[in-house]
Structures are given as C-alpha cells and as structure tokens.
Amino acid sequence: MKNKTLLNRRANAVPRGVATATPVFAARAENAEIWDVEGKRYVDFAGGIAVLNVGHRHPRVIAAVEQQLRAYTHTAFQVMAYEPYIELAERLNAIAPVEGDAKTIFFTTGAEATENAVKIARAATGRPGIIAFAGGFHGRTLLSSAMTGKVNPYKRGLGPFPAEIYHVPLPSPTNGVTLDETLRALDFLFAADIEPERIAAFIIEPVQGEGGFHMPYPELYQALDRLREQWGMMIIADEVQSGFARTGRMFGIEHQPVKPDLITVAKSLAGGFPLAGVIGRAEVMDAIGPGGLGGTYAGSPVAVAAALAVLDVIEDEQLNDRANQIGTRIRAAVEIAAARSDTANITGLRGPGAMIAFDVPDPAGVADGTTAKRVASAALERGLVLLTCGTRGQTIRILVPLTASDEIIDEGLAIMTDALACVTEVA
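An account of the accompanying structure is given in this report. The shown structure was predicted, so the numbers you read here are calculated from the model rather than taken from an experiment.

Bringing the side chain of Gln394 into the picture now. Inspection of the secondary structure assignment puts Gln394 in the loop between β14 (387-389) and β15 (395-398). Among the residues examined, Gln394 registers a relative accessible area of 8% and is labelled buried. Side-chain polar atoms of Gln394 contact the backbone nitrogen of Arg392, separated by 3.0 Å. Not counting residues within four places of it along the chain, the set of residues in contact with Gln394 comprises Phe358, Asp359, Val360, Ala367, Gly369, Ala372 and Cys389.

Listed below in structure tokens is the structure:
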C-alpha cells in the first residue's frame, strides 16, 4: 500500500472538513516511533496531539485492555454499572486539586467534557454566562466551538453559536497581553454585555494548547479567585491537553496559586483510548439530577481499564519528574538552534515541563505560519512528526511521549534543528 493511493481514497471517501497534518498513513507504532504504510520510520513529537504521554501501546496499557476485552466491552454505565469506573473516579478524586471532596463523571471526548462542565456550572449557579479566553481551544462541537477563542478554522461559516459565551484576552508573558489589559476587558464586559452576577464560570486552559502554549500570569488566577469570592462564579480548568504529567505536574493548574471548582480531562487520560471526564467539588458535581448527565459510550470499560493502567505508569515510572527532564533537554536544544546563524528565526521559547513550544516567524518577523509549516514539512521528510499551532500557525509545539528514551528525543531534536536550517537554505 502506498501513501499516495490512500490519499486519493481519502479524498474520495472522507470530507475535507477533517484535516490531517501529514500526507502519510500509519501502519504501526511503538512508544515514540511510528512506521507508515511504506515502511518509513518517524520519531513522534506529536503524541497524537498530547494523547500519548505514556507512549504508543505501552505494555501495561495493552495488557489491561486485553484483560478487559476478555470480560466485557460495553454495558452502558447507565444500564449496568461496573467497578472499574468507580475505581478510576476514586483515584482521580483523590488527586484532584479541588477544595474538599471531589466526584468524577466520565465521557468520551474532550469536547463532551467541556460542554458538560458548562452544564454542571450552570446548574450549580443558576446562571447562564461563560467567560473564555482568546486563543483558547475547548472543542469542535457547537458549544465548545463557541468557547474556543479562534475563528479560523474552528468557527468560520459555522455559526450562529450558542448565546452567553464571552471572550477576553489571555494575559501571558509570551503573547504580549498584560494583566491590566485583561482586567480592563473584564470591566468593559461587565459594563457593556453581562453583569458579573450572571456569570456561571470562567473556563481556562492552564497552558493554552492550540492557542500556542501560552501560560497565563499567576496573578490572573488570583484576580479570578477574587471575582469568584465576590460574585460566586466558578473556575473551570480545561486540562484536556495539559493534564496527566505533561507539564511536570499531574494537572497543569497545580502550577498556579488557586484551586478550580471543575476540571475537564481527556487525551492522555487513557493512553490512546477515547475517554474524557469532569472532576469537581462534590457539591457542585451533584447539582444535576439523575439522567441529566451521561452518554451511551461514556466511560467505556475498555478505556477505563486503560486509564487505570496509565495512572499506574505515571506513578511507577515517575513521569512528572521525567517531563521536567525532557523539557530541560528540549529547551537546551532549541536555545542552541536559536543561537545559530543558519536556522530560521526562533522566538518565545516557552512551556512548563515537557509542554514546550516556540515561534518561527518569517525573516521579516511576520508570524503568519508560513515558515512554521515549512519547518514541519521538512521535519516530516526527514522522519520527524512535528506539529504547529498558535493563533496564526506560527508556533512549533513538542508533545513527545514522556516514556521516550533520551536517544530517541535527541534524534528528534537533531532532525528538528536540521529542518530549521533547511528552510533558510531554500528561502
């Protein structure tokens, strides 16, 4: 089978609305390596978009799934419940950085998690308003698209969107927005569009994913906490991309000085199997009555079994510490590349733990995404899967599995540096 043949079949069978970052097709994968259908090997710096913190096909995850497959694959938790669901909820409740007792419900996708977090916050507060942040990404369903702070491609031509969703700028040392600007925007919002006592919750990514790996100032959370204390709205931490050891902590919000009321999780929770959830303060989570939450496949027994193994792997292999070690290694390589005279412009190196990104503007300093796309393409040709992100696509992001060896990481970094030099040769 050839990649070109599959590309033609894809074009005829699959709508163009679902984009694919690479023109190659996977045949098999192991830890931080992928082989395509033509047998070419790639180092994986994408991790399925932050899904594979424990790597492709971790042996303990596969063993747990195989054991579950021999027992049962589906009952629907709403029809006949099963103990592993409860065990996983108990384990997440025990580690969740929320105030007091916690409860957890499971879904299938990150968008489901963010939507249901909004439902829970609205039910608990009796209020409609949700404030999100520019550049944030919360999913592609209609409500989650409304919360996503980026028009192209997630909103263009797809409205109207649900009402009572508002956006303010995200203040960060790497996106040029100050805390004062954000607070002024909030004041304007409360004066012009909606009173603060009608806000159910803020929703915020501890590190923006698609928005470019920007991490807000800690003072923002302190300001949100003051508003929460004054007006009674909640804080939802969207940990879909930043959770489960990626930032050097189990949850990215643990880098900040406040505790959220609700936490959304997905991606690396189940090591490649579809599973999402909302974790929150117990009294908040109980605001919706029986039947108001759930889903036919929500909390799949197979995915739950995988997630239990993932939590074991994170603990036993000390992946929080490993994330910090990997991040140090990546930062050093990027700094060396940035100091060279023969590589593309590199600015804004950032990110906690192993959630690392940097910008690649064009030679004139314009961050239009063109150079970053060329770097990713050149990297793929050389055997490295590398993703871009950012409001203009100008950012290179690295999401290598935390189980990758130093040798594999160094190989990928060498390819990336070569790609950064290659684009200047052909400019």
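Taken as a whole, the second largest pocket spans an internal volume of roughly 460 Å³. Along the walls of the second largest pocket sit 20 residues, with Phe77, Tyr85, Thr104, Ile105 and Leu293 positioned nearest its centre. Only α4 (83-95) and β4 (102-107) provide two or more residues apiece to the lining of the second largest pocket. The biggest single contributor to the lining of the second largest pocket is β4, with four residues.

Compared with an ideal rise of 1.5 Å per residue, which puts 16 residues at 22 Å, helix α10 (residues 301-316) spans 23 Å between its outermost C-alpha atoms and is within 8% of the ideal. With respect to burial, α10 is a largely interior element, 13 of its 16 residues being buried. Among the residues trailing α10, Gln318 stands out with phi positive, at a value near 50°.

With that settled, the discussion passes to the sheet that holds β14. Ordered by their spatial adjacency, four strands build an open sheet running β11-β12-β15-β14, and the pairing between neighbours is antiparallel. Each edge of the open sheet carries a strand with a single partner, namely β11 (347-350) and β14. Neighbouring strand axes in the sheet, compared pairwise and without regard to direction, differ in orientation by 25° on average. Two strands pair when backbone bridges link them, and β11 and strand β12 (residues 356-359) are joined in this way by two bridges, in the antiparallel orientation. By the bridge assignment, Thr347 is partnered in β12 with Asp359.

This paragraph deals with the side chain of His56. Residue placement: His56 occurs in the loop between α2 (47-50) and α3 (59-69). Residue classification places His56 among the buried residues on the basis of a relative accessible area of 15%.

Next up on the list: the sheet that holds strand β6 (residues 165-168). Pairing in this open sheet of seven strands is mixed, and the strands run β4-β10-β9-β8-β7-β5-β6 from one edge to the other. Since the sheet does not close on itself, it has two edges, and those belong to β4 and β6, each with one partner. For this sheet, the mean angle separating the axes of adjacent strands, direction not counted, is 20°. Here strand β5 (residues 129-133) pairs with β6 via four bridges, running parallel. The residue of β6 that forms the bridge with Ile130 is Ile165.

Calculation notes
- Residues numbered from 1 in each chain as written.
- Predicted model: local features only at pLDDT ≥ 70, side-chain atom pairs only at ≥ 80, totals over all residues.
- Heavy atoms only, no water.
- Helix = DSSP H or I, 4+ residues; strand = E, 2+ residues; numbered from the N terminus.
- Buried < 20%, exposed > 50% of the residue type's maximum accessible area, 1.4 Å probe, protein only.
- Polar contact = N/O pair within 3.5 Å; in protein donor to acceptor, adjacent residues only side chain to side chain.
- Contact = heavy atoms within 4.5 Å.
- 1 Å grid on protein atoms, 1.4 Å probe; cavity = no way out; pocket = protein on both sides within 12 Å on 5 of 7 lines; lining within 4 Å.
- Points joined across faces, edges and corners; volume = space filled by probe spheres on them.
- Expected span 1.5 Å × (residues − 1).
- Pairing = 2+ DSSP bridges.
- Axes fitted to C-alpha atoms, helices over the stretch in contact; angles between N-to-C directions.

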